[in-house]
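Examination of the molecular architecture
Spelled out, the chains give:
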Amino acid sequence: MGEVRPLKLAEWMKDKDAAWTRIIERHGLTPNPLSALASWPFADFFWGVEADNLADTTKLRLHGFHGVVDTGQRLIRRHVKITWPIYFSVL
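In this report, the structure presented in the accompanying data block is examined. (Residues numbered from 1 in each chain as written. Predicted model: local features only at pLDDT ≥ 70, side-chain atom pairs only at ≥ 80, totals over all residues. Heavy atoms only, no water.)

1. Observations regarding the overall build of the protein
For clarity, the cut-off: Here a strand is any run of E in DSSP of at least two residues, a helix any run of H or I of at least four, and the numbering for each starts at the N terminus. A radius of gyration in this sense is built from C-alpha atoms; the matching globule rule multiplies 2.2 Å by the number of residues raised to 0.38.
Of the regular secondary structure elements, the protein holds six helices and zero strands. The order of α-helices and β-strands along the protein, N terminus first, is α-α-α-α-α-α. For 91 residues, the compact-globule estimate of 2.2 N^0.38 gives 12 Å, and the C-alpha radius of gyration of the protein, at 20 Å, exceeds that figure by more than 25%. The C-alpha extent of the protein, read off along each of the three principal axes, is 50 × 45 × 30 Å.

Below you can see the structure in the form of structure tokens.
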């Protein structure tokens, strides 16, 4: 394991617009600026928390919320729904 090297995305991403534009052009992506896709200061806040997040869902269950979503399965279903038509449109 290496040494921890703190990184502020808000600073790091400031000069990445040109690189992002080249990626958009190379891959035919919808031309959205990086600032429309992510909030780098929020990412710094979210990933910069030094304490572990201990979440207890007991209160949810006690108040009648029993629905559960398997995140992995949900992502796979969403991916298939989006990409399936793309795969078959080129055949």
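2. Quick notes on the pattern of salt bridges
Condition: Any Lys or Arg side-chain nitrogen located within 4 Å of an Asp or Glu carboxyl oxygen qualifies as a salt bridge. Note on classification: 1.4 Å probe, protein chains only; a residue is buried when its accessible area is under 20% of the maximum for its type, exposed when over 50%, partly exposed between these limits.
With the rule as written, the count across this model stands at two salt bridges. Across the salt bridge formed by E11 and K14, the nearest N and O atoms sit 3.1 Å from each other. Judged by relative accessible area, which is 57%, K14 ranks as exposed. We note a salt bridge from K16 to D15, for which the minimum N-O separation is 2.8 Å. For K16, a relative accessible area of 22% translates into the label partly exposed.

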